[in-house]
Each structure stands twice: as structure tokens, then as C-alpha cells.
Amino acid sequence: MATKKKTAARPKAKAKAASRKVVKLASRKPAAKVKARAPAKPKAAASGIKIPKRSMKPWGQDGKALDGVRILDFTHVQSGPTCTQLLAWFGADVIKVERPGIGDITRGQLMDVPNADSLYFTMLNHNKRSITLDSKSKEGMRVLERLVKTCDVLVENFAPGALDRMGLTWERIHTWNPRMVVASVKGFGPGPYEDCKVYENVAQCAGGSASTTGFRDGPPLVTGAQIGDSGTGLHLALGIVCALFQRNRTGRGQRVLASMQDGVLNLCRVKLRDQQRLAHGPLKEYSQYGENIPFGDATPRAGNDSGGGQPGWILKCKGWETDPNAYIYFITQAPVWEKICDLIGKPEWKTDPDYAKPPARLPRLRHVFDTIEQWTMTMTKFEVMNACNAVDIPVGPILSMKELAEEQSLRESGTIVEVDHPTRGKYLSVGNPIKLSDSITEVKRSPLLGEHTDEILSKVLKFTAAEIAEIKASGATGEAPKAKMAAE
Ligand code: CAO
């Protein structure tokens, strides 16, 4: 994919302060390129406390955070793969176990290039190795046993009970490898729905997101951000790293569960806050308060109202008639209210008792935002951003996926990466959004189906050639993958 030189999302910096901020953002170098001196030699601890020896290698050149951690990756679709991809980016050796001939179902979903793994799959499975294995066969279980004994973590997001049905109960795993961490994503935690299968939008609805998203007079809405799947994958990754940390002390593994309902509810924490505030009166920062619409007994949908204590709304900018993203999120933050008044040509509001203080403005927020919109509509969203940032007013231009894909600073920081793939060619992906200064992420393409079967059987699991022949003859690993040839 061609990289455009023009940076669509970077505002033209007219004002000095804004320009300083923009340049700082755009010139941020990927951590990999930052040359830093090796840390100074540690001095002997005078206190007698034993501090582990510090690495003398330059920053970023002493491996990765999770080097030495091996993951048996039994994940599929989005939630689990998000988690194991993050762990792989931090250096874990992630071995993805896939069903022979089929693999992760997303390989073939939403395909855009014929006979090539879909973007759905490739963008969620970077830096992993793939082994095909029929886990329900005798020889497959023989391989799995050795994988369990060799790996530190098993991650899965099968339907409830599927792992047990395979024969991989917690007790069995723990007997084989007491140090193993077994991490699962499930739709629901223990309770009436624990046996249900769950997809992204089911979780958004069951976790409180949909009931609080959308406009008051419209139906509940799901969001574009995959808070059920990717959000829960993130939660699970944290649980795994914590379990590994505790294992350092206890020497034993443990089970880690992240349910999608719990994950979404955690992300909707502020809405449960509002639920409780309702018992003490109306939610005054919600625009429905100013519109004299009574509140019900549950947190309502708040349109584009801000979730925090600073009222905000999405306002039209120049070009909104034809460009669906010519909008900006504007926050009437109390400490910069006077600057806002000056900027929008309403200096008299600074002293008007109806507008000067936040409580006075709450009943008339609609009018406040309508007035500000008259001003934002005279400029593009980037011009509004420049003008506001120059006086420290936080605003959010509504950036399209096209604008983000073309944003040079995101390329430079490694947040948007271009990856090459043997069967589909070059594509864009989102790189590691979490930057560690001493563990540099290199985004490597996703594996082809069963691409590493032989390598894992021989080099990782140390099966002999005769044993490998036996395993293969049983059909446990499926046909020799055609995709492998394409890769070479
Ligand atoms: N060899 C042999 N069998 C395998 C295998 C392998 N390598 N890998 C998987 N299977 C089997 C499983 O054992 C299971 O068999 P049983 O039903 O006989 O036990 C079968 O494949 C199907 O697994 P599944 O039930 O997990 O898959 P599904 O497509 O029916 O359901 C999903 C998918 C996502 C709804 C379900 O896995 C689920 O609810 N997961 C937990 C929540 C979750 O992560 N959801 C996020 C999905 S992304 O939006």
C-alpha cells in the first residue's frame, strides 16, 4: 500500500503553541530507532540490600519483555488472538494450535484477496507460529501433552466446556505441568449464562455498553471499538502476565478467566457510577437535564454527552454537508471557559450570570453548543483544532479510518505498520499500541496454516523423526500444508 506523504490528520499549525505540539507528536521516532547509551554501571549497594545485576546492553538490545515465555495458543476469532498477539509482540513464543485443513475460522472470513488469509486473521495473529493438530485424536493428544509440558501458558477462548471435552481439564493440565497458567476468555463468568456462546456485540449488549450508547430517543447502539473481543483480550493479557509474575514466587500456575461481560462492564464503569448517582437526583451534566426531560430508573443513553464532569458534544465543521467526518468533539472545560468565550466571539458570556459558571450553563448546554457550532462551522476540523490547541482547549477531530491510515506520525511511532505477506502482499495493520522502551516490538506477518508444524514437532517438542512420522501417519496434523510451499 502506498504511503501518502501528505498527513491528513495532522493539522496545519498556524498558532505557535499548536505547532509545537503537532511537531512533537509527528517527530516521535519509533522506539527501535532510538539510540540510547547503555545504563551506567551499578555501584555496589551500600545498604547491603541485594539488587539484581542490571543489564549493560543498550536499551532495546537486551531482548524482549516476555522472552523465554512459551504460549500454547488455542485461541480463535478475535478475543483470544488479540491477547496472544500482544504477548507475542512482547516477545513470547506463541504456538497457535489450529484444526488441520480449517484453522482459525477467520482465515477464510471477510476475504478480500482470493486464496489468501483474510485481513481479519492476519491483523490478529502477527508474530505467532502455527501448528495443525487434531486435538481430539490420540496422536493429537500425545502432541498436546508435550506442548502442555513445554509451555508456560495455555490460552483458549473455546465455547464453555470445549477444553474439558477435549480432555484438557484443569486437573489434567495441572498434573502434567503444575507451573502452567491456563487462561480463558468466556462470554460470561459463573452464573446463569456461563454456558452461553458469545460474540462481540452480544458482550456489548450484556455488559452495559449498548444500553448506554446512542441517542435517548433511539434504540441502543453497539460501538465500532471492539470492546467485547479486543477489550477482553487486553484484560486477559494483563491477567496472564500477573499470573506469571506470581508464579515466580509460588512456583505454581493458576487459572485466569476474563469474561466478556465483565470486561465490557469494566469499560462501562462510569455508567454504573451514574446509575448510583441517579438515586440522588438528575444527572445534571446529561443534556436531557437541560432539556427538562425526566430521568428513568436506569442510566440513559447520552448521545455525545461527555462521560466525565466536563460537558462536551460533537459539532459540525466546514464541509459537514458532504463529508460525514467533518465534525469535532468540543469540550466546555471549566478552567478554559473564558478562553472559549473569547475564541467564539462571546466575551460577554464571561460575566453573564447565565453562562459564567458551570452550574449556570448546565440547563442551557444545548444553546451553548449551538452557539459554539456556529463558530466551528466556519472552519475545517483541523483549523478548529489548531485554534483551540493554541489556547489549550482540548478538542477531538473526528478522524476517518482513511485519515488514520494515512497519518504519518502513526506510521513513525509503529502504531500503523505495513506488513508483507507471501500470499496476500502488503497490507496495513495496527502495531503494538503499548510501547516499552527496553522491549521493542517488531511486527512479523501471521503464520500460514500449519506453517511451523514440522519445526515445532522436532525443535520445540523434540520428537524423533520416527515419532514424527508416526504422528503424521495418524492424520493428527492433517495433510502437509500447501500454504507452506507458498511461503518459501
Ligand atoms: N482439533 C479438534 N477439534 C477442535 C480443534 C482442534 N484443533 N480446535 C477446536 N476444536 C473443536 C472444539 O473442541 C469444539 O468441539 P466440541 O463442540 O465438540 O467441544 C469445536 O471445535 C468448536 O469450538 P467452539 O464451540 O469454541 O467454536 P464455535 O465456532 O462453535 O463457537 C464462539 C465460537 C466464539 C462463539 C465460542 O468459541 C465462544 O463462545 N467462545 C468464548 C467467547 C469468545 O471468545 N467469544 C469471542 C468470539 S469473537 O467475536
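Residues numbered from 1 in each chain as written. Predicted model: local features only at pLDDT ≥ 70, side-chain atom pairs only at ≥ 80, totals over all residues. Heavy atoms only, no water.

1. Here we look at unusual backbone geometry
So, step 1. Residues other than glycine seldom take positive phi values, yet leucine 110 does so here, at roughly 55°.
So, step 2. If you trace the backbone, leucine 110 turns up in the loop between β2 (93-98) and α3 (119-122).
So, step 3. Take leucine 110: its relative accessible area is 71%, and that puts it in the exposed class.
So, step 4. Here asparagine 115, not a glycine, exhibits a phi torsion of approximately 60°, which is positive. (Helix = DSSP H or I, 4+ residues; strand = E, 2+ residues; numbered from the N terminus. Buried < 20%, exposed > 50% of the residue type's maximum accessible area, 1.4 Å probe, protein only.)

2. Observations regarding the site of the ligand
So, step 1. Surveying the vicinity of the ligand reveals 24 residues, the closest of which are Ala159, Arg165, Lys197, Val198 and Asp229.
So, step 2. One of the side-chain nitrogen or oxygen atoms of arginine 99 is found 3.2 Å away from an oxygen atom of the ligand.
So, step 3. The protein chains hide 84% of the 950 Å² of surface that the ligand would expose on its own.
So, step 4. Sort the elements by how many residues they give to the shell around the ligand and helix α5 (residues 162-166) lands first, with 3 residues. (Near = heavy atom within 4 Å. Polar contact = N/O pair within 3.5 Å; in protein donor to acceptor, adjacent residues only side chain to side chain. Areas by Shrake-Rupley, 256 points an atom, 1.4 Å probe, with all protein chains shown as cover.)

3. Thoughts on the nonpolar core
So, step 1. Within the largest apolar cluster, 31 residues are counted, with the highest numbers of intra-cluster contacts made by Leu72, Phe74, Val143, Leu147 and Leu168.
So, step 2. Only β1 (70-74), β2, α4 (138-150), α5, α6 (170-176), α18 (453-460) and α19 (465-473) provide two or more residues apiece to this core.
So, step 3. The element that contributes the greatest number of residues to this core is α4, accounting for 5 residues.
So, step 4. With residues up to four places along the chain from it excluded, the contact list for leucine 72 reads Ile95, Val97, Leu144, Leu147, Val148, Cys151, Val153, Leu154 and Val155.
So, step 5. In terms of nonpolar packing, the next biggest core, distinct from the first, is built from 30 residues, Val185, Phe188, Leu244 and Met260 among them. (Core = buried A, V, L, I, M, F, W, Y, C linked by side-chain atoms within 4.5 Å. Contact = heavy atoms within 4.5 Å.)

4. Section: the packing of helix α2 (residues 79-89) against helix α8 (residues 229-250)
So, step 1. The contact between α2 and α8 brings their axes to 7 Å, and the two run at 45°. Of the possible angle classes, the one that applies to α2 and α8 is oblique. Crossing of α2 over α8 shows right-handed handedness. Within the contact between the two elements, α2 uses Ser79, Thr82, Cys83, Leu86 and Leu87 and α8 uses Asp229, Ser230, Gly233, Leu234, Leu236, Ala237, Ile240 and Val241.
So, step 2. The residue makeup of the contact of α2 with α8, split by class, is 8 nonpolar, 4 polar and 1 charged. (Axes fitted to C-alpha atoms, helices over the stretch in contact; angles between N-to-C directions. Parallel < 35°, antiparallel > 145°, perpendicular 65-115°, else oblique. Left-handed = near helix turned anticlockwise from the far one by under 90°. Nonpolar A, V, L, I, M, F, W, Y, C, P; charged D, E, K, R; others polar.)

5. Thoughts on the sheet that holds strand β4 (residues 153-156)
So, step 1. Across the sheet, 6 strands lie side by side as β3-β2-β1-β4-β5-β6; this open sheet has parallel pairing. Strands at the two margins of the open sheet, each flanked by one partner only, are β3 (128-132) and β6 (255-259). Ignoring strand direction, the axes of neighbouring strands in this sheet form an average angle of 20°.
So, step 2. Judged from the 4 bridges that link them, β1 and β2 form a sheet pairing that is parallel. Note on β2: the bridge partner recorded for arginine 70 is aspartate 93.
So, step 3. Together, β4, β5 (181-186) and β6 form the strand contacts of α8, whose direction differs from that of β6 by roughly 165°.
So, step 4. Taken strand by strand, α18 contacts β1, β2 and β3, and its axis lies near 95° from that of β3. (Pairing = 2+ DSSP bridges.)

6. Some remarks on the packing of aromatic side chains
So, step 1. In the structure shown here, the tally under the stated rule is 6 aromatic pairs.
So, step 2. Ring centres 5.2 Å apart and planes at 45° place the aromatic pair phenylalanine 188 and tyrosine 193 in the tilted group.
So, step 3. A centroid spacing of 4.3 Å and a plane angle of 5° characterise the contact between tryptophan 349 and tyrosine 355, whose relative ring orientation is stacked. Like tryptophan 349, the residue tyrosine 355 is buried in the burial classification.
So, step 4. Through pairs of rings, three or more aromatic residues link up here, namely Trp337, Trp349 and Tyr355. (Phe/Tyr/Trp six-rings, centres within 6.5 Å; stacked < 30°, edge-to-face > 60°.)

7. So, the confidence of the model for the protein chain
So, step 1. In the predicted model, the protein chain carries a mean pLDDT of 90, and the fraction of residues at 70 or more is 88%.
So, step 2. Here residues 1-36 is a poorly scored stretch, pLDDT under 50, and it has 59 contacts once near neighbours within four places are set aside; other chains count.
So, step 3. Contacts from residues 480-488, a stretch scored under 50 in pLDDT, to residues over four places away or in other chains number 11 contacts. (pLDDT = per-residue confidence, 0-100.)

8. Observations regarding the pattern of salt bridges
So, step 1. Scanning all chains against the criterion turns up 28 salt bridges.
So, step 2. The partner of lysine 57 in a salt bridge is aspartate 62, and the shortest N-O contact between them spans 3.8 Å.
So, step 3. On the basis of relative accessibility, which here comes to 45%, the residue lysine 57 falls in the partly exposed class.
So, step 4. The closest approach of N and O atoms between arginine 277 and aspartate 274, which form a salt bridge, is 2.8 Å. (Salt bridge = Lys/Arg side-chain N within 4 Å of Asp/Glu carboxyl O.)

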